[in-house]
Amino acid sequence: MATPASQSARRITHRPCFFGNPEKTKSSILSVERCYNGGGRGGRNIRCANAVNGAVKINGKAADVCSSAAQSVIVDNDDAFRLGKFVEGRLVYRQRFVIRSYEIGPDRTATMETLMNLLQETALNHVMSSGLAGDGFGATRQMSLRKLIWVVTRINIQVDKYSQWGDVVEIDTWVASSGKNGMRRDWIIRDRRTKKMIARATSNWVMMNRETRNLSKIPEEVREEVLPFYLDRNIIAGDNPNPNPNRRIEKLTDATAESVRSGLEVRRLVESHVLPKQVKFYSRTIVLILQPRWSDMDVNQHVNNVKYIGWILESVPLNVLVEYHLTSITLDYRRECRQSQLLESLTTMSSTRMLSPSLCITDLQSTHLIRQQDDKAEIVRARAEWRCKEHH
């Protein structure tokens, strides 16, 4: 998140204005200061420009914004805008974000896609700030030399509270080994004002050759690069409200799915029915043909893992989206998806409690599948849990 101090490049003199990395003072104020020779005989006209949370001063006095005729140049310092930092001996990377207006949904809170994007951004900045980044999307230098990329195989995120527009969140992330040829990445999301944890997530990653698209073992050279950053701390297992977060996600078929979206572009009539011991939601669909858009691709030339969440939610009944919060979702990525492929999204929803069509309950579950339309090959399996908004 870019802070006011990092953005406070004002025209304060006819000389070039520039700033460096913000430093936090004892009062938690971000302060940036740079001094330069402002001219004069003997080079004695030394000027110090100080920016504190956006207020600019020269030699301790408030500075007026110069006229448009004044020349101003900002010395570009990318690190000033990437304001994450290492904590716990460089084992944990921490970054803050403000929830923007375009990152909230109809209920004025951040969406699950927003949270997933922030997790991804923090992970990528972690790699860049560590000094390991090569020329790939989160790849290290040794990975880039071998044409290797990271691909996610599983991710689970649990949300206790969704942030609102303007809230500031603080995200911690770290990595650890996962088996012989995998890596685990965990995250914690805290509300910056209350310091309370509002979400947590864990994920597993493996390597793939970006040209052959085949999975690869982790080369020893890569293992040596990332090993100093490993932290054996699991944020989900052992301290998890879900009894079996790693349990297998059941496979959906046409017979078991109540909602099928083909081409990810359908109109739907949703009806709720009360059954003796189970509540199910049915929907009629009109099947249309559509392929993933160019904007759905990432730099690894396949659909970005966050995009699947939006596609999954499109097959969830509207009354569930309106009345419930998505509190947990687990995604198993089975194979990558390219732009030329046509997809189907399948959903089934159930509850262990009875309800009337107009009553919101607190224990709703859903199972999802995104598959190729032609050969029915699985791309993503998912399982989600929902909680009534009335109880938040």
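In what follows, the accompanying structure is described.

What counts as what
Residues numbered from 1 in each chain as written. Predicted model: local features only at pLDDT ≥ 70, side-chain atom pairs only at ≥ 80, totals over all residues. Heavy atoms only, no water. Helix = DSSP H or I, 4+ residues; strand = E, 2+ residues; numbered from the N terminus. Buried < 20%, exposed > 50% of the residue type's maximum accessible area, 1.4 Å probe, protein only. Contact = heavy atoms within 4.5 Å. Areas by Shrake-Rupley, 256 points an atom, 1.4 Å probe, with all protein chains shown as cover. Core = buried A, V, L, I, M, F, W, Y, C linked by side-chain atoms within 4.5 Å. Salt bridge = Lys/Arg side-chain N within 4 Å of Asp/Glu carboxyl O. Polar contact = N/O pair within 3.5 Å; in protein donor to acceptor, adjacent residues only side chain to side chain.

1. Comments concerning the overall build of the protein
Part 1 of the reasoning: Across its full length, the protein holds 6 helices and 19 strands.
Part 2 of the reasoning: Taking all 392 residues of the protein together, 49% fall into the buried category.
Part 3 of the reasoning: Taking the contacts inside the protein whose residues are at least 6 apart along the sequence as the reference set, 67% of them involve residues at least 24 apart.
Part 4 of the reasoning: For the protein, the exposed area adds up to about 20,300 Å²; of that, 49% sits on carbon and sulfur atoms.

2. Things to note about the nonpolar core
Part 1 of the reasoning: Formed by 63 residues in total, the largest nonpolar core has its most connected members in M112, M116, I157, Y308, L331 and W386.
Part 2 of the reasoning: Apart from residues no more than four positions distant in its own chain, Y308 is found in contact with V303, L331, Y333, E336, C337, I370, I379 and V380.
Part 3 of the reasoning: Among the nonpolar cores identified, the runner-up in size contains 7 residues, and V92, W174, L231 and I235 belong to it.

3. Observations regarding the pattern of salt bridges
Part 1 of the reasoning: Per the counting criterion, the structure on display carries 20 salt bridges.
Part 2 of the reasoning: Residue K147 is joined to E211 by a salt bridge in which the shortest nitrogen-to-oxygen separation is 3.2 Å. On the criterion of sequence distance, the pair formed by K147 in the loop between helix 3 (141-145) and strand 8 (148-159) and E211 in the loop between strand 11 (197-209) and strand 12 (215-216) is long-range, its members being 64 residues apart.
Part 3 of the reasoning: Assessed through its relative accessible area of 33%, K147 is described here as partly exposed.
Part 4 of the reasoning: For D296, the salt bridge is made with R293, and the minimal N-O distance between the two is 3.3 Å.
Part 5 of the reasoning: Residues joined by salt bridges that share partners form a network here, namely R94, R96, E170, D172 and R190.

4. Brief notes about the side chain of Q95
Part 1 of the reasoning: For Q95, the position within the fold is in strand 7 (residues 92-98).
Part 2 of the reasoning: The class for Q95 is buried, based on a relative accessible area of 3%.
Part 3 of the reasoning: There is a polar contact of 3.0 Å between the side chain of Q95 and the side chain of N125.

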